[in-house]
Amino acid sequence: GAFFNKDPEATKHFKDVNASYRSAKATVATKPVVAWMQYYEPNFTISEAHYKMAFASDAGGTPFDAETALAGVPGVYVSTSPTGKTVTISIANFNQSGVTAQAKAAAAAAIMPKLASVDVLVDE
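Being a predicted model, the structure only gives us computed values, none of them experimental.

Draft legend 1. Structural view of the environment of S47. Here S47 lies in strand β2 (residues 43-49). Here S47 falls in the buried class, since its relative accessible area comes to 13%. Between the C-alpha atoms of S47 and M37, which are 10 residues apart in sequence, the distance is 6.3 Å. Discounting residues that sit within four places of it in the chain, S47 has contacts with W36, K52, M53, K85 and E124.

Printed below as a string of structure tokens:
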């Protein structure tokens, strides 16, 4: 079979890829700030999963600290799990008119200035 009894080849390939990844860790003078964000109604979320923070750091970047940056924005709550942290901004706190589109726009307007330090925004 094509995929059976290939443990030695798989082990060597994994070691090669792992060594390549570790040797490619960037050493840059300017460390861009990186954030992962998505909108899934009715919330904006910024993911600070451990593996994403490691990718950003390994590539020479600085993970965005959403909890600190978004302090004071209405509707922000933080959840922590063994896999990392998620910062959620609920648009319900911006819904004065009962129109979701207006609430989303108001929430985005409150969030955007807080993202000013972000150089790379990954839209999930």
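Draft legend 2. Up close: the nonpolar core. In this structure, F44, I46, F64, L70, I89, I111 and L115 are the most contacted members of the largest nonpolar core, which totals 18 residues. Elements that contribute at least two residues to this core include exactly β1 (33-40), β2, β5 (84-90) and α4 (100-111). Apart from the residues lying within four places of it in its own chain, the contact partners of L70 are I46, V76, V87, I89, I111 and K114.

Draft legend 3. Summary view of helix α2 (residues 50-58). Taken residue by residue, α2 has K52, M53, A56 and D58 as its buried positions. Turning to α2, the residues buried within the fold contact α1 (7-23), β1, β2 and β3 (62-63). Positive phi shows up at G60, right after α2, with a value of about 95°.

Draft legend 4. Spotlight on the packing of aromatic side chains. Going through the model one piece at a time under the given rule, you end up with two aromatic pairs. Each ring, one from Y39 and one from F44, has its centre 4.7 Å from the other, and the planes form 55°; the classification is tilted. Residue class for Y39 comes out partly exposed when judged on its relative accessible area of 23%. Using a relative accessible area of 10% as the deciding quantity, one classes F44 as buried. Geometrically, the ring pair formed by Y51 and F55 is edge-to-face, given 5.8 Å between the ring centres and 85° between the ring planes. Of this pair, Y51 and F55 both sit in helix α2, four residues apart, roughly one helical turn. Cation over ring: K104 sits above Y39, and NZ or CZ is 4.2 Å from the ring centre.

Draft legend 5. Up close: the environment of N95. Relative to the helices and strands, N95 resides in the loop between β5 and α4. Taking the C-alpha atoms as reference points, N95 and A105, 10 residues apart in sequence, are found 9.8 Å from one another.

Draft legend 6. Expanded view of the pairing of β2. Of all seven residues in β2, seven are buried; the element is thus mostly enclosed. Neither face of β2 is left uncovered, since the one carrying N43, T45, S47 and A49 and the one carrying F44, I46 and E48 both have all their residues buried. Relative to β2, β1 runs antiparallel, the two sharing five bridges. The partner of Y39 across the bridge, within β2, is F44. Hairpin connection of β1 to β2: two residues between the antiparallel strands. Summarising the sheet, β2 and β5 pair through seven bridges and their orientation is antiparallel. Residue pairing for β5: A49 is matched across the bridge by G84.

What counts, and at which threshold
- Residues numbered from 1 in each chain as written.
- Predicted model: local features only at pLDDT ≥ 70, side-chain atom pairs only at ≥ 80, totals over all residues.
- Heavy atoms only, no water.
- Helix = DSSP H or I, 4+ residues; strand = E, 2+ residues; numbered from the N terminus.
- Buried < 20%, exposed > 50% of the residue type's maximum accessible area, 1.4 Å probe, protein only.
- Contact = heavy atoms within 4.5 Å.
- Core = buried A, V, L, I, M, F, W, Y, C linked by side-chain atoms within 4.5 Å.
- Phe/Tyr/Trp six-rings, centres within 6.5 Å; stacked < 30°, edge-to-face > 60°.
- Lys NZ or Arg CZ within 6 Å of the ring centre and 35° of its normal.
- Pairing = 2+ DSSP bridges.

So far we have only geometry, and geometry alone does not tell us how the molecule works.
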